[in-house]
Structure formats: structure tokens, C-alpha cells
4 protein chains.
Amino acid sequence: MLKIGDKTFQSRLMLGTGKYPSFEIQKEAVEASGAEILTFAVRRMNIYEPSQPNFLEMLDLSKYTLLPNTAGAKTAEEAVRIAKLAKASGLCDMIKVEVIGDDKTLLPDPIETLKASEMLLEEGFIVLPYTSDDVVLAKKLEELGVHAIMPGASPIGSGQGIVNPLNLSFIIEQANIPVIVDAGIGSPADCALAMEMGADGILLNTAVSGAKDPVKMAKAMKLAIEAGRLGYEAGRIPKKRYAQASSPTEGMLTT
Amino acid sequence: MLKIGDKTFQSRLMLGTGKYPSFEIQKEAVEASGAEILTFAVRRMNIYEPSQPNFLEMLDLSKYTLLPNTAGAKTAEEAVRIAKLAKASGLCDMIKVEVIGDDKTLLPDPIETLKASEMLLEEGFIVLPYTSDDVVLAKKLEELGVHAIMPGASPIGSGQGIVNPLNLSFIIEQANIPVIVDAGIGSPADCALAMEMGADGILLNTAVSGAKDPVKMAKAMKLAIEAGRLGYEAGRIPKKRYAQASSPTEGMLTT
Amino acid sequence: MLKIGDKTFQSRLMLGTGKYPSFEIQKEAVEASGAEILTFAVRRMNIYEPSQPNFLEMLDLSKYTLLPNTAGAKTAEEAVRIAKLAKASGLCDMIKVEVIGDDKTLLPDPIETLKASEMLLEEGFIVLPYTSDDVVLAKKLEELGVHAIMPGASPIGSGQGIVNPLNLSFIIEQANIPVIVDAGIGSPADCALAMEMGADGILLNTAVSGAKDPVKMAKAMKLAIEAGRLGYEAGRIPKKRYAQASSPTEGMLTT
Amino acid sequence: MLKIGDKTFQSRLMLGTGKYPSFEIQKEAVEASGAEILTFAVRRMNIYEPSQPNFLEMLDLSKYTLLPNTAGAKTAEEAVRIAKLAKASGLCDMIKVEVIGDDKTLLPDPIETLKASEMLLEEGFIVLPYTSDDVVLAKKLEELGVHAIMPGASPIGSGQGIVNPLNLSFIIEQANIPVIVDAGIGSPADCALAMEMGADGILLNTAVSGAKDPVKMAKAMKLAIEAGRLGYEAGRIPKKRYAQASSPTEGMLTT
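Just so we're clear, the structure is a prediction, and the values are computed from it rather than from any experiment. (Residues numbered from 1 in each chain as written. Chains lettered and ligands numbered in written order. Predicted model: local features only at pLDDT ≥ 70, side-chain atom pairs only at ≥ 80, totals over all residues. Heavy atoms only, no water.)

### Quick notes on the interface of chain A and chain B
It is common to give the size of an interface as the accessible area that goes away when the parts come together.
Then, number 1: Taken together, the 66 residues of chain A in the interface contact 67 residues of chain B.
Then, number 2: Summed over the shared surface of chain A and chain B, the result is 2 salt bridges.
Then, number 3: Put simply, Lys216(A) and Glu233(B) hold a salt bridge, and the shortest N to O gap is 2.9 Å.
Then, number 4: Counting every contact that joins chain A to chain B gives 24 residue pairs in polar contact (both at pLDDT 80 or more). (Contact = heavy atoms within 4.5 Å. Salt bridge = Lys/Arg side-chain N within 4 Å of Asp/Glu carboxyl O. Polar contact = N/O pair within 3.5 Å; in protein donor to acceptor, adjacent residues only side chain to side chain.)

### Points about the nonpolar core
Then, number 1: By size, the foremost hydrophobic cluster in this structure holds 328 residues, and its most contacted members are Leu204(A), Leu204(B), Leu204(C) and Leu204(D).
Then, number 2: Those residues within four positions of Leu204(D) in sequence are excluded, and the remaining contacts are Leu13(D), Met14(D), Leu15(D), Gly16(D), Ile185(D), Cys191(D) and Met221(D). (Core = buried A, V, L, I, M, F, W, Y, C linked by side-chain atoms within 4.5 Å. Buried < 20%, exposed > 50% of the residue type's maximum accessible area, 1.4 Å probe, protein only.)

### Focus: the relation of the copies chain A and chain C
Both copies of the chain are related through a single rotation about an axis accompanied by a shift along the same axis.
Then, number 1: When chain A is brought onto chain C, the operation consists of a screw motion whose angular component is 180 degrees and whose axial shift is 0.0 Å, with 0.0 Å RMSD remaining. Here the two chains are linked by the operation of a two-fold rotation axis. Across chain A, the rotation axis passes nearest the C-alpha of Asn164(A), at a separation of 2.7 Å.
Then, number 2: Comparing interface residues between copies, 96% of those in chain A also lie at the interface in chain C; the contact surface is shared. (Least-squares fit on C-alpha atoms with pLDDT ≥ 70 in both.)

### Details of the state of the cysteines
Then, number 1: Evaluation of the coordinates by the stated rule reveals 0 disulfides over all chains.
Then, number 2: Free cysteine: Cys191(A), not disulfide-bonded; nearest cysteine sulfur from Cys191(B) at 15 Å.
Then, number 3: The class of Cys191(A) is buried, set by a relative accessible area of 0%. (Disulfide = S-S within 2.5 Å.)

### Points about the packing of helix α1 (residues 23-33) of chain D against helix α8 (residues 214-234) of chain D
All names here are of chain D.
Then, number 1: Where α1 meets α8, the closest approach of the two axes is 7 Å, and the angle between their N-to-C directions is 15 degrees. Taken together, α1 and α8 sit at an angle that is classed as roughly parallel. Of the two possible hands of crossing, α1 and α8 adopt the one that is right-handed. Of the residues in α8, those in contact with Ile25, Glu28, Ala29, Ala32 and Ser33 of α1 are Pro214, Val215, Ala218, Lys219 and Lys222.
Then, number 2: Residues of the contact of α1 with α8, tallied by class, amount to 6 nonpolar, 1 polar and 3 charged. (Axes fitted to C-alpha atoms, helices over the stretch in contact; angles between N-to-C directions. Helix = DSSP H or I, 4+ residues; strand = E, 2+ residues; numbered from the N terminus. Parallel < 35°, antiparallel > 145°, perpendicular 65-115°, else oblique. Left-handed = near helix turned anticlockwise from the far one by under 90°. Nonpolar A, V, L, I, M, F, W, Y, C, P; charged D, E, K, R; others polar.)

### Describing the UniProt feature "active site" (unreviewed entry) in chain A
Residue and element names in this part refer to chain A.
Then, number 1: Under the UniProt annotation, "active site" (unreviewed entry) lies at Lys96.
Then, number 2: Secondary-structure assignment places Lys96 in strand β6 (residues 94-97).
Then, number 3: Each residue touching Lys96, except ones within four places of it in the same chain, is listed here: Leu67, Pro68, Asn69, Thr70, Leu128, Tyr130, Met150, Asp182 and Leu203. (UniProt positions renumbered as here; feature names shortened; annotations may be inferred.)

### A short note on the interface of chain A and chain C
Then, number 1: Each partner contributes to the interface: chain A provides 28 residues, whereas chain C provides 27 residues.
Then, number 2: Interface of chain A and chain C: buried area, both sides summed, is about 2,100 Å²; carbon and sulfur atoms make up 62% of it.
Then, number 3: The tally of links from chain A across to chain C stands at 6 salt bridges.
Then, number 4: Between Lys104(A) and Glu173(C) there is a salt bridge, with its nearest N and O atoms 3.4 Å apart.
Then, number 5: Our count for the chain A to chain C interface comes out at 10 residue pairs in polar contact (both at pLDDT 80 or more).
Then, number 6: Within the residue set of the side of chain A that touches chain C, elements represented by two or more residues are α3 (110-122), α4 (135-144) and α5 (165-174) of chain A. (Buried area = accessible area lost by both parts, 1.4 Å probe.)

Shown next, in the form of C-alpha cells:
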């Protein structure tokens, strides 16, 4: 079970809601994924009719926890302003802090992310910052009191998977709060790997919505996350340079 | 569905039966894995009582297809002799050809493997050779008429996963027969990756039997193989160097 | 030529002076490396006799530019205090900012590094911060006015090489100041790779001083850095999935 | 020094002669590379005027050892025929056996390569077979008596570098004859890595002739091979998961 703030979730997958071919496919993919937490950019909301965001129109929102993000923010102040708009809508009390520092890579701004997280914690939000895989920054965010840490695997939507497994493993090792791998995941194997390393969850969007068959990919990701988590719990064999026979060598066939 | 010779299987996982902590755990792991094909070394059989090999004593063998291997053979002739013993037992008509050419790496002997495969095909066996990831050798084995090709991911029991994804992808690309990744798989992520690349199945032993919790790992591997296969069918996103925003950039929040 | 502040250097290798088996080997390794810039921790200086630090006793310091670092600092204030001690010694006007945020990984503290860099720039130092490979942080440091940026390849002394080539390439791509790869380099191939990617220089210590033969390794690193730089300038061939015959196929032998 | 058959060479680089932009650049690149062994496809020779192959027209062939290859051969018999033509020309007594088994990947045919090598050894050639990185095949070739083994790093001309460092390291570990890495090298870092692993030499063509500046790249490769060899001899530091401070921690600055 994944626990964030005072909420618990059976599913370890958070699913983004952007860029699906249609609302029907969005709905089916969400259902196939088993996700209980859905993310979306606050800036896509119609703030005058926030009770059911129109880009989620076919979803029964009572069944999901909504996790809005501050995409579009380039400073802490912008992120805070966006987060407050989301809270005012009454839809959610969790916020994914996303303060982008570079347009080409969409990598996060460490300084503004830290600042925004601090401000939003003071305002009483449940704060989940999207961050680079800077190990010390992750520690500082935890010390600040954020409720989960969301290091990127690689640039948003790039599908490159985990480009720096070492740093991700350091972040997981030091964390006492959930680590949700966010951004860059491309395939089920990437999900399984992150979970085997001990991640607590994964946030996906493009890897599902951009697949040729988003619904089938949603199902694949669900299974991969479960597989990776089980693999983590089951304790994998160590890697060895040379071979180890799988058949006992005693008890040879007597012919 | 996996089709080998004239048999079809729902599961794409073949499970080895060696080195489990106990028969109880072996049985539970086999069941958790969903495997329909079980492998074992012929040399472990008691040829005077072959109807129920004693190292499979708790399994209801009527529920499984048995795939014996010729482990221990260092020449084609030895492999053929071992295969014939297996066939004489009446337990099976499929044989995994395993002719080892090096004691430290347990890597297969390409020449003897090709020769053994040819001889066993002439004898009417359903032949599945364990081979290196030599691309041209894989093609030659297919031309010979083998029923599936089993390239190793890395040395047997090493848990290193797929050390040469390029060659494996070439083998899959050229093959018109099932490609079963055999040897070296260490974790669910390795399984998912092999399946995403288009492998038709995976043979596991040490990665399951040597895990801290073999039964849980068997379940993890089952899910990972399903996830990887679904991911292959669903069509993953391409990898890109730079980021792609997952939220539409039009329709910005007007504040 | 490498240009930092208003100084230019023929060599693109900066060599650390710690942990050599003896002063003789230190001296020989420094000479074999061709390095013109030597680094050392200010805290190792005897501040009452700074004109010739005793751990550099066999070196003719008039031939080198000294680059002291603030190793030992955990806050910006400590780093500034250490830097001022170094400057007071009269040995140097460049400072490598090193503010460690984690004892196990010795990874840098992004916030304190930025702060220390800002303070030292105001004091008129030539500032070269050691930083993680956080892309946006590297940009912020450049905007601050630092004279070179020194992203780590992997943890100090780990010998793991470049664990995140993607981020390093982003940092190089965006930089208008020299990028010196610092920390984690293990071998000549690591040096060549960093330079091929377009790095302007490399700082080494453990990879040389900890080699079985530090003098020979110093020579190897020198050549590798030159090789990598030439390779960068020469423009490598693109990577292709399939083969490209190296012999022209026209003009076949007529037999 | 590299020793093949009864000849010794100072340079560990063998350079291919195909696909240079011009004869002038070919000549300059050869000289910059320091190569003492030049390779070319026999099928490019004019057998009626073999004393100075026209595609090597500007080179003083008395200064080089020529290593013709059997490119174009698809069977052992074809390779033998081509090798005999080369020998009849009087230009050379060494032959690189190249029997291709697949048009798309240009990967070698293990069976025909083994057969051709055996036949050519019987004819008294100095035999250097181009082979895949199949570990057991490499051993068989050595047992046959070949004078060096030439495993491919990746497909010819692909520039992918060493796709399977594990197998290459196994081949090097078991070999008592020179191991020359052939095919697929893309950059100086690839050369340095192969040499650090203990390879005895490297054969290059496309990586030099196809570079934007072939002459500069030839120089880069020369240095990288020397760097890698020195690095191998110097004994690199082990890789560690965590950091190791490069400055001694005792003798702290007393302030």
C-alpha cells in the first residue's frame, strides 16, 4: 500500500490525463491502469466550472484522488498561485509542484521547487514536488516536510527510462517518505526496474497516452508495476560475473 | 499464445525445476508462475523410475509439458544420447539441446549445438537449442528446422540480464520460429524488456529458485512477462532526446 | 586551449594532489600528466607557511596554477571562509567551490553551492563550482557569473565514470563557459568519452593517485584527454543500427 | 609490442583503406594513425597489376604490412579462393578471414569462418579470423591455431562501439593469442575502452574514413589506443558504489 499524507492507495501508479486520442480512450486507459490517483495541469481547468474539469468529462471523479500539478510555473510564486487556484476549486488538497527551469528539457528548477514546496507546506498543502535526481536536493525537500518526492527518470515525455539508476537508488535509500518516479518512463520494463529498485510508485502520462494502444499499455504498466514491486519484495538474486549451473551437479544420471 | 511444434501454450514462461529450497516451495513457485512447461536436466532423472522424476515429486505432471535438457553434454553425441534417454522414459518428446563449451561461463558450443540439433531433428524430436546470441548461428539453426531458438541473455545463473540487446533484437527480427530467451535473466524488469523487444517467451530457473522468496518471485516474473508482452503489442512511444510536455499547451488557464 | 577567467592553458587536465603513495610519485605523476592546474584542499595547507604547502613539497609551484578547493565545507559560509584563507596565502586567486551535502556520496549541496558561488563572485574570486549534473542548476550558476562549471561524473573517487551522459550533454550544450568534468572518472576511456561529448576539461585525482602505477596512469589520462578532444573536433560517425560495408562494393575483383 | 605470427609491431592499430574522401586524405590519415598494418578487400585489387593496388596509390607500401581480407566471401571455399589470389600477388602472407553470414548486419558466419580458418592454416597462411563475440567459437579458433582472433565490437561501420563488453572480456581472458577488436568502433573512447579491457589491438576503417576530418580522427584513435593500453598496464581503480574522499581527512586546517 502506498501512503501519502493521511491517504492510502492500493495502486502504485499515478496516471496523467493529458494527450489521449479521445475521452473514451482516456477513460478506458484510466480504468485499465488501476490508478487511484489522476494528475492534470491546473491551467487546463476551467476555473469557473471546476467541479468537473471538462477534459476529464467521462470519468467518475468520485472514484479517484485528483493530483493537480503546477505545470506552466517558472517561479515559486507562480506555482503557489496555481496551487491556490486548484485548492479553491475544492477538487483536491494535494499538489504536485512543477516548476520548470528549461524549455527544451523541461527539467525542474531546484531552487524554485524548494521555495515553492516550503511556501505550500506553510499553506497546509499535501506537497509532492517533481524534482531532478539531485540527491542532496531530495534530502532537503524531505527535511522541509514534503509528503513524497518525485524524481524524474529522464525528461518529460522522452521515453528514455531511468538514465541515472545510481542517483535514483541513492534517493530511495535515504528517503523516509514515498519516492514516486515521475517523467521519462517509456515502457513496462522501465516501470519494473524502478519498482525493483525500491521506488514506492510511478507517475505516467505520455508512455500510456502516446502508445499505439493506450488502453493495452495502461494494463501493461499496471502489471509491470505490480511485477516490479513483487520482485523488490521477493529479493532478487545477486549479479555474478560467471555462470552458476541451475541443475544440481550431484545426483548425476547413472548410465 | 506460444506455439512450439504442434502444441500451444497460454503462458510464455518456461520454468526450470532445479535448486529450490524444498519440494513444497518448488511446487508453489511452479503454480505461482503459471508456467505450463517445466524444464529439468535429464541427468537428474532416475531412468529406472522415470514415470515420476523424484525431484518433481510434489507436482502433478499431467498438468505440465516437460522439457528435458541435455545439460552435462559437451559434444553433440552426448547430447543425442541424453535426449534419447529422455524420450525412452516416455515423459516427453521435446528436448532442449544444451551443449556447453566452457566450464566457467557455461556458454554453449555453437558447432556441437548445431550438430546435435541436426541429429535430433533427424530422429524426430521437437528441438529447442540453447544458443549464444550469435545472429548467424541462430539463422542456421532455424534453417535446419529447429522448433524454437533459445538465445542466452547472459551466462546461466548470472542474473546479469540481457547483456547484448542488439543481437537479441536481430535474432528476433529475423526469426520465423519462437525465440525463447534463456539463461541470465535476473529480475522482472529483465523479463519485461525481453518481451517488449518481441521475444516469444522466457525460460527461468535461478532467478526464481534463488530469490529470497521464490514463490513471490515466480508471481512477479509471471506478471512481468505478461506486462512486457502487452507492452510489445501496445506499441511503446519512441525515445526522444528532449522533453515533450504531457499537458496540451493550448487552452491555458486564463487568470 | 582552455580559457578560465583571463588565463589560458594548453592542457585540459586538472590534477588533484591527494593520496599519492609518495611525494616522488606525486611529482612524477604531475609531470607525466602535463597538467598546468593543480588542485588541493585548503584545509591541508599550513596557513603559517603557505608559500610552499608541505604536501606539494617536491613540486616547483612556479610552473603551475593552483586551484584550491573548499573541501570540508558544509555551508556556503564555511566555503567562503576557507576560500578567503586560501586567497590570504597569496598562492591563488581561483577557487573550486565544494560544499558537500551528504557524507556517504559526497554529492554537492545545490543550494549552498549556489550561495557560496554568489558570495565568492562578489568577493572577486575566479569561481569554479563543483556541482551535481542538475541541468538547471548549472544554468543558474552560469547566470550568476561563475568562470567554469564542474559537474560530477559520479561520486568522488568512485571510479564509476559518467553515470548520466544525457545530463552532462545538456549541460555542455547550454554552457557558454568551460565545462570541466569533475569527480567519478575512473579510466582513460571515461576521459575520452567526456571530451568527445564536448567537455572543455577534466579534473582527476583518485583515478590517477589510486592506480597501481600512478605515473603511467597520469600519462594515459593525458593521452586520452587529447584523443577525446581531437575526436570531438574531428566529428565522429553517426551510430547506425545496421552495418555499413567499409569496402566499396563497386569495382569488384574480376576473376 | 603487438606480435602476430613471427612479426612484431609497435602500433596496435590496424587501419582499413576503404571509403576515404580522396587518396591524399587516405595517405595523411594512414600516416597520422601510426598504423603499420593496412587492411583492404582483396576483391578491390587489380590482379593483373597487384604490385601496387591502385586504391593505395599514394602510399609507400614498403613501409606497411598489408593485411588483405576476404570480404565478399559467403562460404569457406570462396574465402580460401580469395585468400589464394591475394597470396599469389606476392603482396602479403597474412589474411583476415571474413565470411559474412547476413547482408543486413554483415555479421560473420561462425561455421564457415571456422572452416575457412582451418583450410587456410593448412595452406600455410597467417590467419586472423573476423568473428562474432561468441566465446566458445573464439576458443575453437584458437585451438585450431589461428594467429590472432578478431571479434567484432558491433556491426561493421555501425559506430555502436562495444555492445557486449562481457563477452569481449571473456574472449580476452581465455585467449593466449592476440585479440584484435574489429568492426563497430565509433570513437576514441571505444578504442580506449577496448584496450583497457586488455585487447591487444584494434582494427578501424569507417570510424576514421567516415569522420568529418579523417586525418584528425586518425590521430585521435592513435592516442586513444595508446591511452587505453597504458591504462590497462597502469591498473585502474576499482569501481565503488559510494564516494571516497580524494583529500586526506587527517591534518585538517587548524583555524
